[in-house]
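Observations on the model geometry
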Amino acid sequence: QVYLVESGGGLVQPGGSLRLSCAASGHTYDIFNMGWFRRAPGKEREFVAAITWSGGDTFVSDSLKGRFTISRGNAKNTFDLQMSSLKPDDSGWYYCASGRKLLTPDPLDYSTWGLGTQVTVSS
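Residues numbered from 1 in each chain as written. Predicted model: local features only at pLDDT ≥ 70, side-chain atom pairs only at ≥ 80, totals over all residues. Heavy atoms only, no water.

**Focus on the overall build of the protein**
In plain terms, the rule: Secondary structure elements follow DSSP: runs of H or I of four or more residues count as helices, runs of E of two or more count as strands, with numbering from the N terminus. For the radius of gyration, the atoms used are the C-alpha atoms, and the globule rule reads 2.2 Å times the number of residues raised to 0.38. When a residue's accessible area, from a 1.4 Å probe over protein chains only, is under 20% of the maximum for its type it is buried; when over 50% it is exposed; and in between it is partly exposed. Throughout, a residue-residue contact means that at least one pair of heavy atoms, one from each residue, lies within 4.5 Å. Residue exposure ignores everything except the shown protein chains as possible cover, and the areas themselves are Shrake-Rupley values with a 1.4 Å probe. By the counting rule applied here, Lys and Arg register as positive and Asp and Glu as negative, while His and the ends of each chain are not counted. Lysine's charge is taken at NZ, arginine's at CZ, aspartate's at CG and glutamate's at CD.
Helix and strand counts for the protein come out as 0 helices and 11 strands. What you see in the protein, going N to C, is helices and strands ordered as β-β-β-β-β-β-β-β-β-β-β. Here the C-alpha radius of gyration of the protein, 13 Å, is about what a compact globule of 123 residues would show, namely 14 Å. Along the first, second and third principal axes, the C-alpha atoms of the protein reach 40 × 30 × 25 Å. Counting the 123 residues in the protein, one finds 46% classified as buried. Considering only intrachain contacts with a sequence separation of at least 6, the fraction spanning at least 24 residues in the protein is 57%. Element-wise, carbon and sulfur atoms account for 50% of the exposed surface of the protein, whose accessible area totals about 6400 Å². Averaged over its 12 positive side-chain charges, the protein has a centre that lies 3 Å from the centre of its 11 negative ones.

Here you go:
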């Protein structure tokens, strides 16, 4: 069993930055790939970014490239999503997920999900 816990959400002003973190525990040897997704109110779940377990390869949604970066965190088995130049449209719940298929944007390829952390971009 893999467990994922997100942290770092909160209220930020437009144009600001926020760093989300996802901590993985349990049977992490089953994890080959980590991903971040988000869901805005009234919208479908959206792929944000993915990273291989080693951190050597990353994939960021084209619509978010240049503003969002995914990386391994400083703490063991953590993965960060650095978000900058945030807009109100970036508001929503952000979820990390783990799976075996590398760098995939398809949520069906992820077997374990965290409970999410809420991001609100507002003045």
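**Considerations on the sheet that holds strand S7 (residues 68-72)**
Filter applied, for reference: The pairing criterion is simple: DSSP has to find at least two bridges between the two strands. Axis definition: a line fitted to C-alpha atoms, limited for helices to the stretch in contact. Angles are taken between N-to-C directions and run from 0 to 180 degrees.
As summarised here, the arrangement of the 4 strands in space is S1-S3-S8-S7, forming an open sheet in which the pairing is antiparallel. The open sheet has two edge strands with one neighbour each: strand S1 (2-7) and S7. Between one strand and the next, the sheet's axes are offset by a mean angle of 15°, whatever the strand orientation.

**Focus: the packing of aromatic side chains**
Pairs of aromatic rings are described using the distance from one ring centre to the other and the angle between the two planes. Heads up, the condition is: Pairing of aromatic side chains here covers Phe, Tyr and the six-membered ring of Trp, requires ring centres within 6.5 Å, and sorts the geometry by plane angle: under 30 degrees stacked, over 60 edge-to-face, intermediate tilted. Over a ring means this: the NZ of a Lys or the CZ of an Arg is within 6 Å of the ring centre and within 35 degrees of the ring normal.
Evaluation of the coordinates by the stated rule reveals 6 aromatic pairs. With a centroid separation of 5.1 Å and an interplanar angle of 80°, the aromatic rings of Phe 37 and Tyr 110 are classed as edge-to-face. Taken as a pair, Phe 37 in strand S4 (residues 33-39) and Tyr 110 in strand S10 (residues 110-113) lie far apart in primary sequence, 73 residues in all. Through pairs of rings, three or more aromatic residues link up here, namely Phe 37, Phe 47, Phe 59, Tyr 110 and Trp 113. Directly above the ring of Trp 53 sits Arg 72, whose terminal nitrogen or CZ lies 4.9 Å from the centroid.

**Describing the side chain of Arg 67**
Mapped onto the fold, Arg 67 is located in the loop between strand S6 (58-60) and S7. Setting aside its immediate chain neighbours within four residues, Arg 67 contacts Gln 82, Met 83, Ser 84, Ser 85, Leu 86, Lys 87 and Asp 90.

**Digging into the pattern of salt bridges**
To keep things clear, this is the line we draw: Each reported salt bridge corresponds to a side-chain nitrogen of Lys or Arg within 4 Å of a carboxyl oxygen of Asp or Glu.
One pass over the full model with this rule turns up 7 salt bridges. Note that Arg 38 is salt-bridged to Glu 46, the shortest N-O span being 2.8 Å. Residue classification places Glu 46 among the partly exposed residues on the basis of a relative accessible area of 28%. Across the pair Lys 65 and Asp 62 runs a salt bridge, and its minimum N-O distance is 3.1 Å. Side by side, Lys 65 and Asp 62 carry an identical accessibility label, which is exposed. Here the salt bridges do not stand alone but share partners, grouping Arg 38, Glu 46, Arg 67 and Asp 90 into one network.

Don't take any of this as a statement about function, it's just geometry.
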